[in-house]
Amino acid sequence: MLSKILPEKIWGIIDRKVNLKAVNEIRFRTDKPIIVCVSGKNYFLSENGATSNLSSALFSSKIVIEDIIFRASECSIYSVNEQIKKGFIVTENGVRIGIGGNIVEENGVIKTMTNFSSCNIRIPHNVKNCSLSAFPFIVTENGIENTLIISPPGCGKTTFLKDFVNQLGERNNALNVLLLDERGELDTKLSSNFYDKISFCTKKVGFENGIRSLSPDLIVTDEVGQEEDIDAILYASTSGVKVLATTHADSIETFCRKPLFQKLIQEKIFHRYVLLSKRNGPGTFEGIYNENFSRILNKF
Amino acid sequence: MKYLFIVIIFCLCLFVGYVIYTKYNKRKKFYSALIMLAEKLSVEINFSRERLKILIENFDAGTKKNLLGIDEGFISYLDKKNELTISDIFSKANCLKQDEKEFILLFLKTLGRSDVENQTKEISSFLQRFNEKKEETEKEFKKYGSLSLKLSVVAGLFFTILLI
């Protein structure tokens, strides 16, 4: 897929001289060096692959960025404008491209984004068994615990979710999982046969429709960050549906200070909090906590 | 031998006339087809928002053949198999003038690059110009296309008489 999006020269370098399996992100900024994030560490991209040497770095241009976005939209920007308004495009195999540029607003409503100035290609990886250490703490003898995965961006939250769904598929056939895939990132290379999917809709709509029509035992969703997401989670918990979700924070303390989550914390909706970082590469476990924020699994 | 030569000369005159006639006819048909394509794109982008490649591939085959291969060239560009240049896109469109090629290339360069509203506006502004060109080519066809056929017959007869 990257070969279809990237300029031939850059794709040639990445394909031949960089370990693609270890690449997390490729960043393009207008008239700035191209950055490639390999195993959680940033490098410049040069003719010879990833380097720390700025003098040999390849630079990106506005035309290159516009072309990447054009190609990522399958040469039809109008068809992905709803995504562009939210600041990203997701390609068919789950590669998410974050976009920077000028937002065009009219009467307070975002109409589109133009004049693209940067883009960040996030390459998803399936890391088999990456959720295994947390699995017994989430799936207990009482069933599945409501769980929130917490980490800064790029630390493997989505990868964790995907592996968790696969692990469930391998172990528990009777469990109906609903994948609420707001950005089309989750449903890529999932081996589980026991999940339904609702894509490209808000959590509010997805939770309501999903619970009503698909009777899930567990809803898996990415990046909780708005008031209506909290309401959707509360709605699921009062409907007897378990939730596995993710959110951004760099520590449990920071998370606990977030006003948005106070209601969920006070009502002890989540029984497990899994904290991830990229200290030893994306997906490093920093700890698992219970509803009282007592650590039940130490960092690795 | 003499009569054979006369027949050859006559046929040659007719052939030259036919080539000129075909050129003007092709130009006329090309602009009609281009307008139909642009109109279809405008409608489909507004309603179905289907990908550009699929819209062009699904365009009426009968009309598509009058596009002188620019649809194929453009799809190759979308597939990253060639560049969006005059030489790559217009390799089969010899009957178009250089400024026409440049203008059509500009049209192709705008496709798929903006949101629905702007894309539709852009297409409709190009459509105005294409309609003007269509009228021009129709006039050209009436004027020079038919004339060239008639003239070729006259020239054939003239040479026949001259040689007899």
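Residues numbered from 1 in each chain as written. Chains lettered and ligands numbered in written order. Predicted model: local features only at pLDDT ≥ 70, side-chain atom pairs only at ≥ 80, totals over all residues.

### Observations concerning the overall build of chain A
At step 1: From N to C terminus, chain A includes 10 helices and 17 strands.
At step 2: Against the compact-globule benchmark of 19 Å for 300 residues, chain A has a radius of gyration of 20 Å, which places it among compact chains.
At step 3: Over its C-alpha atoms, taken along the principal directions, chain A stretches across nearly 55 × 45 × 40 Å.
At step 4: Taking all 300 residues of chain A together, the buried fraction comes to 41%.
At step 5: In chain A, the share of contacts with a sequence separation of at least 24, taken over all contacts with a separation of at least 6, comes to 57%. (Helix = DSSP H or I, 4+ residues; strand = E, 2+ residues; numbered from the N terminus. Rg over C-alpha atoms; globule rule 2.2 N^0.38 Å. Buried ≥ 20, exposed ≤ 12 C-beta atoms within 10 Å, placed from the backbone. Contact = placed C-beta atoms within 7 Å.)

### Quick notes on unusual backbone geometry
All names here are of chain A.
At step 1: Residue Asp 31 is not a glycine yet carries a positive backbone phi of 60°.
At step 2: Note on placement: Asp 31 falls in the loop between strand E1 (23–29) and strand E2 (35–38).
At step 3: Even without being a glycine, Asn 129 presents a positive backbone phi close to 70°.
At step 4: Residue placement: Asn 129 occurs in the loop between strand E7 (109–122) and helix H5 (135–138).

### A few points about the nonpolar core
All names here are of chain A.
At step 1: Judged by nonpolar contacts, the single largest core of 56 residues is most densely connected at Ile 68, Ile 69, Ile 89, Ile 97, Ile 99 and Cys 119.
At step 2: Other than its neighbours up to four places away in sequence, Ile 89 contacts Ile 69, Ala 72, Ser 73, Val 80, Gln 83, Ile 84, Ile 97 and Ile 99.
At step 3: Of all hydrophobic cores here, the second largest spans 44 residues; its members include Phe 160, Ile 219, Val 224 and Leu 276. (Core = buried A, V, L, I, M, F, W, Y, C linked by C-beta atoms within 7 Å.)

### What to know about helix H6 (residues 98–110) of chain B
At step 1: In a regular helix each residue adds 1.5 Å, so 13 residues correspond to 18 Å; H6(B) covers 19 Å between its end C-alpha atoms and thus fits that length.
At step 2: Just downstream of H6(B), Gly112(B) is the residue with a positive phi angle, here 80°. (Expected span 1.5 Å × (residues − 1).)

### Some words on the sheet that holds strand E5 (residues 88–90) of chain A
Residue and element names in this part refer to chain A.
At step 1: On the basis of which strands lie adjacent, the open sheet formed by seven strands has the order E4-E3-E2-E1-E7-E6-E5 and antiparallel pairing. If you trace the sheet from one side to the other, it starts and ends with strand E4 (49–51) and E5, each paired once. Each adjacent strand pair in this sheet contributes to an overall mean axis angle of 40°, direction not counted.
At step 2: Contacts from helix H3 (residues 62–72) reach E1, E5, strand E6 (96–106) and E7, with the element oriented near 105° to E7. (Pairing = 2+ DSSP bridges. Axes fitted to C-alpha atoms, helices over the stretch in contact; angles between N-to-C directions.)

### Points about the pairing of strand E13 (residues 218–221) of chain A
Residues and elements named next belong to chain A.
At step 1: Taking every second residue as pointing to the same face, both faces of E13 are buried, with Leu 218 and Val 220 on one and Ile 219 and Thr 221 on the other.
At step 2: Here strand E11 (residues 177–181) pairs with E13 via four bridges, running parallel. The residue bridging Leu 178 from the neighbouring strand is Ile 219, located in E13.
At step 3: Of the strand pairs in this sheet, E13 and strand E14 (residues 242–248) are connected by three bridges, and their pairing is parallel. Its bridge partner lying in E14, Val 220 is registered against Leu 244.
At step 4: In this region the chain leaves E13, passes through helix H8 (residues 227–238) and returns to the parallel neighbour E14; the handedness of that crossover is right-handed. (Right-handed = clockwise from strand over helix to strand, strands pointing away.)

### A word on the domain arrangement of chain A
Residue and element names in this part refer to chain A.
At step 1: One can read the domain layout of chain A as domain 1 (2–122) and domain 2 (135–297).
At step 2: Computed over C-alpha atoms only, the centres of domain 1 and domain 2 are separated by 28 Å.
At step 3: With nine residues of domain 1 in contact, the opposing surface of domain 2 contributes eight residues.
At step 4: Every element with two or more residues in the side of domain 1 that touches domain 2 is listed here: E1 and E5. (Domains from an automatic or database assignment.)

### Re the sheet that holds strand E16 (residues 284–290) of chain A
Residue and element names in this part refer to chain A.
At step 1: Spatial ordering of the open sheet is given by E12-E11-E13-E14-E10-E15-E16-E17, a layout of eight strands whose pairing is mixed. The sheet is open, and its two edges are formed by strand E12 (195–199) and strand E17 (295–297), each paired on a single side. Between one strand and the next, the sheet's axes are offset by a mean angle of 25°, whatever the strand orientation.
At step 2: With six bridges connecting them, strand E15 (residues 272–277) and E16 associate as antiparallel partners. Counterpart to Leu 275 in the pairing with E16 is Gly 287.

### Regarding the packing of helix H1 (residues 2–47) of chain B against helix H7 (residues 116–163) of chain B
For any two helices packed against each other, the geometry is given by the interaxial angle and the distance between the axes.
Residues and elements named next belong to chain B.
At step 1: At their nearest, the axes of H1 and H7 sit 8 Å apart, and the two run at 170° to each other. In terms of their interaxial angle, H1 and H7 are classed as roughly antiparallel.
At step 2: Class assignment of the residues belonging to the contact of H1 with H7 gives a composition of 30 nonpolar, 15 polar and seven charged. (Parallel < 35°, antiparallel > 145°, perpendicular 65-115°, else oblique. Nonpolar A, V, L, I, M, F, W, Y, C, P; charged D, E, K, R; others polar.)

### Concerning the confidence of the model for chain B
All names here are of chain B.
At step 1: Confidence in the prediction of chain B, expressed as mean pLDDT, is 91, and 100% of residues score 70 or more.
At step 2: The weakest mean pLDDT in chain B belongs to helix H3 (residues 61–64) at 89; the strongest belongs to H6 at 95.
At step 3: Among the prediction metrics, the complex's ipTM stands at 0.84, with pTM recorded as 0.79. (pLDDT = per-residue confidence, 0-100.)

### Here we look at the environment of Val274(A)
Residue and element names in this part refer to chain A.
At step 1: If you trace the backbone, Val 274 turns up in strand E15.
At step 2: In sequence terms Val 274 and Lys 203 are 71 residues apart; their C-alpha atoms lie 21 Å from each other.
At step 3: Not counting chain neighbours up to four residues away, the residues in contact with Val 274 comprise Ala 134, Thr 147, Ile 149, Ile 150 and Ile 288.

### A few points about the packing of helix H7 (residues 203–214) of chain A against H8(A)
All names here are of chain A.
At step 1: Following both chains from N to C, one finds H7 and H8 inclined at 15°, their axes separated by 8 Å at the closest point. In terms of orientation, H7 lies roughly parallel with respect to H8. Both H7 and H8 take part in a crossing whose hand is left-handed. Along the contact surface, H7 presents Lys 203, Lys 204, Phe 207, Glu 208 and Ile 211, while H8 presents Glu 228, Asp 229, Asp 231, Ala 232, Tyr 235 and Ala 236.
At step 2: Residues of the contact of H7 with H8, tallied by class, amount to five nonpolar, no polar and six charged. (Left-handed = near helix turned anticlockwise from the far one by under 90°.)

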